[in-house]
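Spelled out, the chains give:
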Amino acid sequence: MSTLRVARHALLRHKLTRLRMRETDSATFRRVLAEIGAILTAEALRDLPEQPRLIDTPMARMQAPALAGPEPCLVAILRAGLGLLEGAGWVLPEAPIGHLGLVRNEATLQPTEYVVRLPHDLAQRGALLLDPMLATGGSACAAIARLKASGATAIRFACVLAAPEGAARLAAEHPDVPVLTAALDERLDARGYIVPGLGDAGDRCFGTAG
Ligand code: PRP
Ligand code: URA
């Protein structure tokens, strides 16, 4: 069963086109990625549980909607997830932040973990995991396994581009994790890159292309 949902929003599609364009420079790429991070975060968390709260407006007393629990943790997969995290923080400025450093070996396509810094109350808050690219799904699956091993419940994953291969793997390995993407692309190429895609997200974000 698919866990993937494609966000339907004209602004999201418009901004994604800027990211895809070869001529978009790093500074613009980072800024637009942050803007997309804000929109994806709002969309991924649209159904957070709510509980009415009694408040006074300047005009009257009312039962007003509010979140039932604390804001979920935001967790970025380094490096490229940092770009999304910036915008996610505009939407949830008080949420605790976690970092998971994973790098994909470009020959084997297997991820290696190099840093783990996670908030301690993952179980109480839930977590929104952020990474622009879901390609083979190796990095996202490893990150979610790490979050679960650290006690996280109610995990959601948001990405900018998904490949069918990665979406299928994520649904098979973590069927309890809903996945939100700005677009589902056609396929992976022989090197494990998403086509048509946007290239190497980390390199484009931080200007480290060779
Ligand atoms: C990219 C991307 C994902 C991963 C996706 O990161 O940001 O984390 O590849 O590929 P997968 O689905 O096949 O695992 P990369 O490993 O290149 O690291 P970087 O962000 O530091 O460039
Ligand atoms: N990682 C990226 O940055 N881009 C891809 O297309 C696939 C993996």
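Below is a summary of the structure that appears in this document.

With that settled, consider helix H3 (residues 81–91). For H3, the complete set of buried residues consists of Gly81, Gly83, Leu84, Leu85, Gly87 and Ala88. Structurally, H3 contributes buried residues whose contacts are with helix H2 (26–44), strand E4 (73–78), strand E5 (97–104), strand E7 (127–130), strand E9 (155–162) and helix H7 (201–206).

Around ligand 1 sit 16 residues, and of these Arg79, Arg104, Asp131, Thr136 and Ser139 come closest. At a separation of 2.5 Å, an oxygen atom of ligand 1 approaches a polar side-chain atom of Asp131. Protein chains shield 94% of the accessible area of ligand 1, which is 500 Å² for the free molecule. Elements represented by at least two residues in the shell around ligand 1 include exactly E5, strand E8 (133–134) and helix H5 (138–149). If you tally residues by element for the shell around ligand 1, the top one is E5, at 3 residues. Grouping the constituent residues of the shell around ligand 1 by class yields 7 nonpolar, 5 polar and 4 charged.

A few words now on the site of ligand 2. In the vicinity of ligand 2, the contacting residues are Arg104, Met133, Ala135, Gly192, Tyr193, Ile194, Gly199, Asp200 and Ala201. One of the backbone nitrogen or oxygen atoms of Gly199 is found 2.8 Å away from a nitrogen atom of ligand 2. Ala201 is positioned with one of its backbone polar atoms (N or O) 2.8 Å from an oxygen atom of ligand 2. Across the shell around ligand 2, the residue classes tally to 5 nonpolar, 2 polar and 2 charged.

A word on the pattern of salt bridges. Under the definition given, this model contains 13 salt bridges. Between Glu35 and Lys15 there is a salt bridge; the shortest N-O distance is 2.9 Å. One end of the pair, Glu35, is in helix H2; the other, Lys15, is in helix H1 (residues 10–20), with 20 residues separating them in the sequence. Taking the relative accessible area as the measure of exposure, Lys15 reaches 18% and is therefore buried. Among the ionic pairs, Arg104 bridges to Glu106, the shortest N-O distance being 3.4 Å. Beyond isolated ion pairs, a larger network of salt bridges with shared partners links Arg5, Glu43 and Arg46.

All right, on to the packing of H2 against H3 then. Remark: H2 packs on H3, axes separated minimally by 6 Å, with the N-to-C direction vectors making an angle of 50°. By the angle between their directions, the pair H2 and H3 is classed as oblique. Here the hand of the crossing between H2 and H3 comes out right-handed. Facing H2, whose interface residues are Leu33, Ala34, Glu35, Ile36, Gly37, Ala38, Leu40 and Thr41, H3 presents Gly83, Leu84, Glu86, Gly87, Ala88, Trp90 and Val91. For the contact of H2 with H3, the residue count by class is 9 nonpolar, 4 polar and 2 charged.

Thresholds applied
Residues numbered from 1 in each chain as written. Chains lettered and ligands numbered in written order. Predicted model: local features only at pLDDT ≥ 70, side-chain atom pairs only at ≥ 80, totals over all residues. Heavy atoms only, no water. Buried < 20%, exposed > 50% of the residue type's maximum accessible area, 1.4 Å probe, protein only. Helix = DSSP H or I, 4+ residues; strand = E, 2+ residues; numbered from the N terminus. Contact = heavy atoms within 4.5 Å. Near = heavy atom within 4 Å. Polar contact = N/O pair within 3.5 Å; in protein donor to acceptor, adjacent residues only side chain to side chain. Areas by Shrake-Rupley, 256 points an atom, 1.4 Å probe, with all protein chains shown as cover. Nonpolar A, V, L, I, M, F, W, Y, C, P; charged D, E, K, R; others polar. Salt bridge = Lys/Arg side-chain N within 4 Å of Asp/Glu carboxyl O. Axes fitted to C-alpha atoms, helices over the stretch in contact; angles between N-to-C directions. Parallel < 35°, antiparallel > 145°, perpendicular 65-115°, else oblique. Left-handed = near helix turned anticlockwise from the far one by under 90°.

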